[in-house]
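Take a look at the letters that make up each chain.
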Amino acid sequence: MLRFSLIFAALFALAACSTPEPRFGPDGKPLPQIYRIQSGDTAEIQFRMLDGVNALRQARSAAPVRLNSELTAAAQTHARDMSIQNRPWHFGSDGSSPLDRVQRVGYRGRLIGENISETFETELQTLAAWMEMPETREVILDPRARDLGFAWFQEPSGKIWWTLVTGQPASTGGAGS
């Protein structure tokens, strides 16, 4: 009887962990599932992205990148601003470019590039989408990049505005991280 109870408990626990069946829209495509980010998830999400980027860079024999607080601040500002503008593009509501934003936060290195996304997908799904496009893939794999900034803004609806910024540290010791 005890064995049956343990098996039943294990099956019940597994059933609770199963993912729900996807729902489909009128076009036959799966409807997006909301990926809710909690306030305490920041470090975990940033390091998951950093690990994903560095795994891809290693496969291409590129040096790893490190998280940089200045580039992350620039990414955070832009993610929130894209939400306010309700459009994914590289210019801020004040007309700022990615270069302007990294200079404003005091990054002394050279901007390599910026990737942006408006989605309901996770950070790793977003990274996979960026790798499918030559322009955004180049930002991630550029061998000059050594610094990475990564941030997001999630709206109450669940929509996430992701921003990834890469940079090359200044030759005089680089920028802080």
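Predicted model, so just to flag it, every value in this text is computed and none were measured.

The rules we used
Residues numbered from 1 in each chain as written. Predicted model: local features only at pLDDT ≥ 70, side-chain atom pairs only at ≥ 80, totals over all residues. Heavy atoms only, no water. Phe/Tyr/Trp six-rings, centres within 6.5 Å; stacked < 30°, edge-to-face > 60°. Buried < 20%, exposed > 50% of the residue type's maximum accessible area, 1.4 Å probe, protein only. Helix = DSSP H or I, 4+ residues; strand = E, 2+ residues; numbered from the N terminus. Polar contact = N/O pair within 3.5 Å; in protein donor to acceptor, adjacent residues only side chain to side chain. Pairing = 2+ DSSP bridges. Contact = heavy atoms within 4.5 Å. Axes fitted to C-alpha atoms, helices over the stretch in contact; angles between N-to-C directions.

## A word on the packing of aromatic side chains
Aromatic rings considered in pairs are described by the distance between their centres and by the relative angle of their planes.
Right, so step 1: Taken as a whole and assessed by the stated rule, the structure comprises four aromatic pairs.
Right, so step 2: Ring centres of F150 and W152 lie 5.8 Å apart, and the angle between their planes is 50°; on these two criteria the pair is classed as tilted. For the residue pair F150 and W152, the accessibility class agrees, reading buried in each case.
Right, so step 3: Taken together, F150, W152 and W162 form an aromatic cluster joined through their ring pairs.

## Considerations on unusual backbone geometry
Right, so step 1: One non-glycine residue, S61, lies in positive phi territory at about 60°.
Right, so step 2: Here S61 shows up in the loop between α2 (42–59) and β1 (66–67).
Right, so step 3: A relative accessible area of 71% places S61 in the exposed class.

## A few points about the side chain of N54
Right, so step 1: Along the chain, the position of N54 falls in helix α2.
Right, so step 2: The class for N54 is buried, based on a relative accessible area of 16%.
Right, so step 3: From its side chain, N54 meets the backbone nitrogen of V65 in a polar contact 2.7 Å long.

## Looking at the sheet that holds strand β3 (residues 147–154)
Right, so step 1: The mixed open sheet is built from four strands, whose spatial order is β1-β3-β4-β2. Pairing within the sheet leaves two strands with one partner each, and these edge strands are β1 and β2 (110–119).
Right, so step 2: Judged from the nine bridges that link them, β2 and strand β4 (residues 160–168) form a sheet pairing that is antiparallel. Following the sheet pairing, L111 is matched in β4 by G167.
Right, so step 3: On the sheet, helix α5 (residues 123–131) packs against β2, β3 and β4 and is oriented at approximately 115° with respect to β2.
Right, so step 4: Running at roughly 130° to β2, helix α6 (residues 134–141) makes contact with β2 and β4 of the sheet.

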